[in-house]
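Now for the letters of each chain:
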Amino acid sequence: MPNASPHRRVLKSDLFGEVALLDGDTPLIERDTDAAPWWTRGVARALARREARSLNAVTGLAGVPQLVEFDGRRLIRTYLSGQPMHVARPSDPDYFTAAQRLLFTLHTRDVIHNDTAKEPNWLVLDDGRPGLIDFQLAAWRPQRGRLFRLLAREDVRHLLKHKRTYAADRLTHRQKRILATPGATSRIWRATVKPLYHFVTRRVLGWADREGAGDRGNQA
């Protein structure tokens, strides 16, 4: 382990286990699926596997967590220091340009994030650059196809929604057209999956839209 006997502080505990900060010489984030209830443990481990595969594909990419260790039950990744978007409220258009470039690079690594709509998943790092966290729903798809392209477009469209919130006057005409034309996957999501998602996250887990992860406070 990179840290010798680090202090472990639980940041979040829910149906998918615990997320903890390992606060040693090199801070790390741990996702422990053993702490999940028995009846959701299988799902928790499947999500951890998705995260591990995606993080492994983006090794060396700045602005995203780096996978340190995954044993099938416990995932450890690097800590990114910064503030979540809804706290930092970035208005500099350069931030969004860099964030879009980060997404494009992610996609060239055959990874789709699938959760860029959540502001807490976007960080303004200590040096002002964008950071992107929470790869539980991400997908690594080395064989690209139509679905990959549609989902990649949705990654970008959701980022542009945030730009509309914080720097609307800097949206280009092309970006406005993208915002005005959600893809088929987005329409299907809103009509079918989103109501169930909101029921589970808000009623079962008790999350608000800007909650759901204790490691989304001042870092990730």
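The model shown is predicted, which means the values in this text are computed figures rather than measured ones. Every residue gets a number counted from 1 within its own chain, in the order that chain's sequence is written. Residues qualify for local features only when their pLDDT is at least 70, as the model is predicted, and side-chain atom pairs are given and counted only at 80 or more; totals for whole chains, interfaces and linings, by contrast, use all residues. With hydrogens and water set aside, each side-chain value is computed from the structure's full complement of heavy atoms.

A. Focus on the sheet that holds strand 9 (residues 130–132). We treat two strands as partners when DSSP finds at least two bridges between them. Secondary structure elements follow DSSP: runs of H or I of four or more residues count as helices, runs of E of two or more count as strands, with numbering from the N terminus. Taken in spatial order, the 3 strands of this open sheet run 6-8-9, and their pairing is antiparallel. What marks the edges here is a single partner per strand, and that holds for strand 6 (82–84) and strand 9. On average, adjacent strands in this sheet sit at an angle of 35° to one another, irrespective of strand direction. Bridge analysis of strand 6 against strand 8 (residues 122–125) gives 3 bridges, and the strand direction is antiparallel. Inter-axis angles, ranging from 0 to 180 degrees, are taken between N-to-C directions of lines fitted to C-alpha atoms, where helices are fitted over the stretch in contact.

B. How the structure looks around the side chain of Asp-32. You can see Asp-32 is positioned in strand 3 (residues 28–32). Here the term buried applies to any residue with accessible area under 20% of the maximum for its type, exposed to any over 50%, and partly exposed to those in between, with areas from a 1.4 Å probe on protein chains only. Counted as positive: Lys and Arg. Counted as negative: Asp and Glu, with His and the chain ends omitted from the count. For this analysis, a salt bridge means a side-chain nitrogen from Lys or Arg found within 4 Å of a carboxyl oxygen belonging to Asp or Glu. Buried and unpaired, Asp-32 has no salt bridge, with Arg-8 as the nearest side chain of opposite charge at 4.1 Å. Here a polar contact is taken to be a pair of N or O atoms separated by no more than 3.5 Å, where protein atoms must pair a possible hydrogen donor with a possible acceptor and residues adjacent in sequence count only if both atoms sit in side chains. Within the structure, the side chain of Asp-32 is placed 3.0 Å from the backbone nitrogen of Asp-34, a separation counted as a polar contact. Should any heavy atoms of two residues lie within 4.5 Å, those residues are counted as being in contact. Residue contacts for Asp-32: discarding those within four places in its chain leaves Arg-8, Phe-16, Gly-17, Glu-18 and Arg-73.

C. Focus on the environment of Thr-105. Mapped onto the elements of the fold, Thr-105 is located in helix 3 (residues 93–108). On the accessibility criterion, Thr-105 (28% relative accessible area) is partly exposed. Along the primary structure Thr-105 and Leu-61 are separated by 44 residues, whereas in three dimensions their C-alpha atoms are 8.3 Å apart.

D. Expanded view of the packing of aromatic side chains. Aromatic pairing here means that ring centres of Phe, Tyr or Trp (its six-membered ring) are within 6.5 Å. Orientation follows from the plane angle: under 30 degrees is stacked, over 60 is edge-to-face, and everything else is tilted. Tallying each qualifying case throughout the model produces 1 aromatic pair. Ring centres of Tyr-95 and Phe-96 lie 5.2 Å apart, and the angle between their planes is 85°; this geometry places the pair in the edge-to-face category. One exposure class covers both Tyr-95 and Phe-96, and it is buried.

E. The environment of Val-19, seen in detail. Within the secondary structure, Val-19 sits in strand 2 (residues 17–23). Remark: the alpha-carbon pair of Val-19 and Arg-31, spanning 12 residues in sequence, is separated by 4.6 Å.

F. Local environment of the sheet that holds strand 5 (residues 74–78). Spatially, 5 strands are ordered 1-2-3-5-4 in an open sheet, and the strand pairing comes out antiparallel. The outermost strands of the open sheet, each flanked by one partner alone, are strand 1 (7–14) and strand 4 (67–70). Neighbour to neighbour, the strand axes of the sheet diverge by 20° on average, direction disregarded. Note: strand 2 against strand 3, 5 bridges, orientation antiparallel. What sits directly across from Leu-22, in strand 3, is Leu-28.

G. Expanded view of the nonpolar core. Core analysis: the biggest nonpolar cluster contains 26 residues, and Val-64, Leu-106 and Trp-122 have the highest contact counts within it. For this core, the secondary structure elements donating two or more residues are helix 1 (41–57), helix 3, strand 8, helix 4 (146–166) and helix 5 (173–180). The element that contributes the greatest number of residues to this core is helix 3, accounting for 6 residues. Leaving out residues up to four positions away in the same chain, Trp-122 has contacts with Gln-83, Pro-84, Met-85, Tyr-95, Ala-99, Leu-102, Leu-103, Thr-116, Gly-131, Leu-132, Leu-159 and His-162. To form a nonpolar core, buried Ala, Val, Leu, Ile, Met, Phe, Trp, Tyr and Cys residues must be joined to one another through side-chain atoms within 4.5 Å.

H. Fine view of the pattern of salt bridges. With the rule as written, the count across this model stands at 14 salt bridges. Two residues, Arg-31 and Glu-51, come together in a salt bridge whose shortest N-O distance is 2.8 Å. You can see Arg-31 sitting in strand 3 and its partner Glu-51 sitting in helix 1, a full 20 residues away along the chain. The class of Arg-31 is buried, set by a relative accessible area of 7%. Classification of Glu-51 by relative accessible area gives buried; the value is 1%. Notably, a salt bridge pairs Asp-110 with Arg-144, separated by 3.0 Å at the nearest N-O pair. Of this pair, Asp-110 sits in the loop between helix 3 and strand 7 (111–112) while Arg-144 is found in the loop between strand 10 (139–140) and helix 4, placing the two residues 34 residues apart along the sequence. When its relative accessible area of 17% is taken as the criterion, Asp-110 is described as buried. Exposure remark for Arg-144: the relative accessible area of 44% places this residue in the partly exposed category. Here the salt bridges do not stand alone but share partners, grouping Arg-8, Glu-18, Glu-30, Glu-69 and Arg-74 into one network.

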